[in-house]
Amino acid sequence: MRILTAFIFALLFHGFAPAQSTQKPKLVVTPLTDQVLVHTTYGVYQNNSIPSNGLIIKTKDGIVLVDTGWDSDGNTDNTRQLLQWVADNLRQPVLLCIVTHAHEDRIGGVSELRKAGIRVVSTPLTAQKTVKLGYESPEGSLPNDTTFTIGQEPIRCYFPGEGHTSDNIVVWLPNQQILHGGCFVKSVAAFGMGNVADANLKEWANSIRRVQSQFGTAKILVPGHEEWSDTRALEHTLQLLEKHGAKQR
């Protein structure tokens, strides 16, 4: 898989090895079902192009995005590409974007969406943190556990507790049995915990177990980075947390 190949290259020699070029690949869109697709955009981390996954949800009334492209406040090309792809290929309006926490790979394109007249929502905490990072704020209107329906497609936004960040949420699509875990969940292809600068390592495992309890029936689980699989990614995240903790002791 293209995404996995990029990460294996990046993780050689324990950590991110220097790359020959920082040229970012273009947007990749991968169908999961007739109604749900993964949008993958790339950011540069330590001179490597790293993929980041969000969702495109097709409803009878229009498109819902989960997370923006991986952008910075001064460069929103990835989110611009995403909106153009939707316009060219799906020919439906983008009604809403749900952002899952306040990091660049989730909220970097908020200004591009706002410019296009698209509503962007998050929890109140994510909105506060986004402003502190210097980005345009999403509408901080999401409760910690809420389900709403757009175009006959129910969407549940759930805060399981702190983990990758203090504000990370997951997005559940019950009709599709698809869970977007975001950066809160590590891919089965991941070798380590990645960016833990804002993590709560003491609570992360407890929060993962809440997700296992709530969404253990998921057929597809899409993590924030690397390849997607099923709910094995939750157990894999617990194992990585245990290994990380053992190294710290």
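Just above sits the structure.
First, a word on scope: everything that follows refers to the structure included in this document. (Residues numbered from 1 in each chain as written. Predicted model: local features only at pLDDT ≥ 70, side-chain atom pairs only at ≥ 80, totals over all residues. Heavy atoms only, no water.)

### Re helix α2 (residues 77–89)
Convention followed: Each helix is a run of H or I in the DSSP string that is no shorter than four residues. Each strand is a run of E no shorter than two, and both are numbered from the N terminus. Residue count minus one, scaled by 1.5 Å, sets the expected span of a helix. Three exposure classes are used, based on accessible area relative to the maximum for each residue type with a 1.4 Å probe and protein chains only: buried under 20%, partly exposed in between, and exposed over 50%. To obtain the arc, one takes the directions from the helix axis to the C-beta atoms.
Taking 1.5 Å per residue as the helical rise, α2 with its 13 residues ought to reach 18 Å, and the 18 Å between its terminal C-alpha atoms agrees with that figure. Taken together, the buried positions of α2 are occupied by N78, T79, L82, L83 and V86. In a view along the axis of α2, the buried residues occupy a sector of 140°, so they form one face of it. Once α2 ends, the next one or two residues include R91, with phi positive near 55°.

### Comments concerning the pattern of salt bridges
Operational definition: By salt bridge we mean one thing: a side-chain nitrogen of Lys or Arg within 4 Å of a carboxyl oxygen of Asp or Glu.
For the coordinates displayed, the defined rule picks out 10 salt bridges. Notably, a salt bridge pairs E139 with R119, separated by 2.6 Å at the nearest N-O pair. With E139 in strand β7 (residues 139–140) and R119 in strand β6 (residues 119–122), the pair connects residues that are 20 residues apart, well separated along the chain. Between R156 and D145 there is a salt bridge, with the nearest N and O atoms lying 2.8 Å from each other. Residue R156 is found in strand β9 (residues 153–158), and its partner D145 is found in strand β8 (residues 145–150); the two are separated by 11 residues along the sequence.

### Some points on the environment of R119
Note the following rule: What makes two residues a contact is simply this: any of their non-hydrogen atoms within 4.5 Å. Nitrogen and oxygen atoms within 3.5 Å of one another constitute a polar contact, given that in protein one can donate a hydrogen and the other can accept it, and given that sequence-neighbouring residues count only through two side-chain atoms.
Residue classification places R119 among the partly exposed residues on the basis of a relative accessible area of 44%. A sequence separation of 19 residues divides R119 from P138, and the C-alpha atoms of the two residues are 8.0 Å apart. Excluding residues within four positions of it along the chain, R119 makes contact with L95, L96, C97, E139 and S141. Engagement of the side chain of R119 in a polar contact is seen with the side chain of E139, the distance being 2.6 Å.

### Observations concerning the sheet that holds strand β5 (residues 94–98)
Cut-off, in case you're wondering: One bridge is not enough; two strands pair if DSSP finds at least two bridges between them. Note on method: axes are straight lines fitted to C-alpha atoms, helices fitted across the in-contact stretch only, with angles between N-to-C directions ranging 0 to 180 degrees.
The seven strands lie next to each other as β1-β2-β3-β4-β5-β6-β7, forming an open sheet whose pairing is mixed. Every interior strand has two partners, whereas the edge strands, β1 (28–31) and β7, have only one. Taken together, the four bridges between strand β3 (residues 48–58) and strand β4 (residues 63–66) define a ladder with antiparallel strand orientation. When the sheet's bridge partners are listed, I56 is paired in β4 with L65. Against the sheet, α2 engages β1, β2 (36–45), β3, β4 and β5, with an angle of about 160° to β2.

### Focus on the packing of aromatic side chains
Given two aromatic rings, their pairing is described by the distance between the two centres and the angle made by the two planes. As a reminder, the rule being used: By convention, a stacked pair of Phe, Tyr or Trp rings (six-membered ring in the case of Trp) has centres within 6.5 Å and planes under 30 degrees apart, an edge-to-face pair has planes over 60 apart, and any other such pair is tilted.
In total, this model carries three aromatic pairs according to the counting rule given. Centre to centre, the rings of W172 and F215 are 5.2 Å apart; their planes meet at 40°, and the pair counts as tilted. Placement of the pair is W172 in strand β10 (residues 170–173) and F215 in helix α6 (residues 204–215), with a sequence separation of 43 residues. Note on accessibility: W172 and F215 belong to one class, buried. Where F184 meets W204, the ring centres are 6.5 Å apart and the plane angle is 25°; that geometry is what we call stacked. In this pair, F184 sits in the loop between β11 (178–182) and α6 while W204 sits in helix α6, placing the two residues 20 residues apart along the sequence. The pair formed by F184 and W204 is uniform in burial state, with each residue classed as buried. In textbook terms, an aromatic cluster arises when at least three aromatic residues are bridged by ring pairs, as seen for Y158, W172 and F215.

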